[in-house]
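# Observations on chain architecture
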Amino acid sequence: MPLIVMCGFPCSGKTRRAVELQEYFEQNTERKVHNVGDGTLGIEKNTVYADSQNEKNVRGSLRAEAERRINKEDIVILDSLNYIKGYRYELFCLIKHTQTPHCLVYCLTSAEVSSTWNTERDVEEQYTQEILDALVLRFETPDSRNRWDSPLFTIQKEDTLPFEAISDAIFKRKAPPPNQSTQSQPLSSTNFLYELDKVTQDVLMAILNSQKTSVPGDLIAVPGATEKISFATFCVSLNMAELRKLRRQFISYTKMHPTENIGHIANMFVQYLNKSIH
């Protein structure tokens, strides 16, 4: 059923708010609530967030666990930093695919408050100051003008959660309608699938070849696209398996949202990669 995405700096009160939401829905509805987050995976935060590849793997695991839990009856709360807009966009694609409402709860604190709250934790639960500062620096603030960040509930430390408003957002809003969701639609051309497969494969090969000579800051030109891949988004070189996974996700989404102009596929894929790769 609905997905509630928590978001905020480290030590901004996300887990406390997630527990409050879980208790509210368990007491006021007959639905089962799944609280999925860093804690449920048992990760060692300072180890994970010190390495971009480990962090990406954890994000993938959290997304997969949320996807596994989502059904027509239960509520899923994703309690993690969720600080990258490209990742929040992936979650938005997920809820469109499952045709369920979602909302974002942004726990807003200053870096100073988060740092103070961090020092008040048990030592084994603390972030190192270096890791905390780096995560705050990389944080991409949610914006309600973005579909993937809306509806957005911004909560400051002294606020009481607007339980009824959040409940209305996930229960009284309709799921994305078929013409805007991931329900299959008739393809406009029998050539569409062939071009989709070919163009995306050509883009992958261009990226892999460019990785051999490119450095952070370079812009990678790909066949058939006017837009370029920003090599700066690659924290580490992506291998073929990772690129193929992103390609499969894009193909799955595009099959359900076919474009009438096949010539746009390359640019669409480049835009998707630039948003998705962190």
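Residues numbered from 1 in each chain as written. Predicted model: local features only at pLDDT ≥ 70, side-chain atom pairs only at ≥ 80, totals over all residues. Heavy atoms only, no water.

Going by what an unreviewed UniProt entry lists, the protein chain is known as Protein KTI12 homolog and is assigned to Oncorhynchus tshawytscha. Recorded under Sequence similarities (unreviewed entry), the UniProt text for the protein chain is reproduced unchanged: "Belongs to the KTI12 family." (UniProt positions renumbered as here; feature names shortened; annotations may be inferred.)

### Thoughts on unusual backbone geometry
In this structure, P151 follows S150 across a cis peptide bond, with omega equal to 0°. You will see that C11, though not glycine, has its phi angle at about 55°, which is positive. Residue classification places C11 among the buried positions, given a relative accessible area of 4%. (Buried < 20%, exposed > 50% of the residue type's maximum accessible area, 1.4 Å probe, protein only.)

### Focus on the packing of aromatic side chains
Taken as a whole and judged by the stated rule, the model has 9 aromatic pairs. For the pair F9 and F139, a centre-to-centre distance of 5.0 Å together with 85° between the ring planes defines the contact as edge-to-face. Within this pair, whereas F9 is found in the loop between β1 (3-8) and α1 (14-28), its partner F139 is found in the loop between α7 (129-138) and β5 (152-156), the two being separated by 130 residues in sequence. The exposure class assigned to F9 is buried, which follows from its relative accessible area of 12%. We classify F139 as buried; its relative accessible area is 10%. Between the aromatic rings of Y24 and F163, the centroid separation amounts to 4.7 Å while the plane-to-plane angle is 15°, which identifies the pairing as stacked. Of this pair, Y24 sits in helix α1 while F163 sits in helix α8 (residues 163-171), and the two are 139 residues apart along the sequence. Assessed through its relative accessible area of 22%, F163 is described here as partly exposed. Here the aromatic cluster, defined as three or more aromatic residues joined through ring pairs, consists of Y24, F25, F163 and F171. (Phe/Tyr/Trp six-rings, centres within 6.5 Å; stacked < 30°, edge-to-face > 60°. Helix = DSSP H or I, 4+ residues; strand = E, 2+ residues; numbered from the N terminus.)

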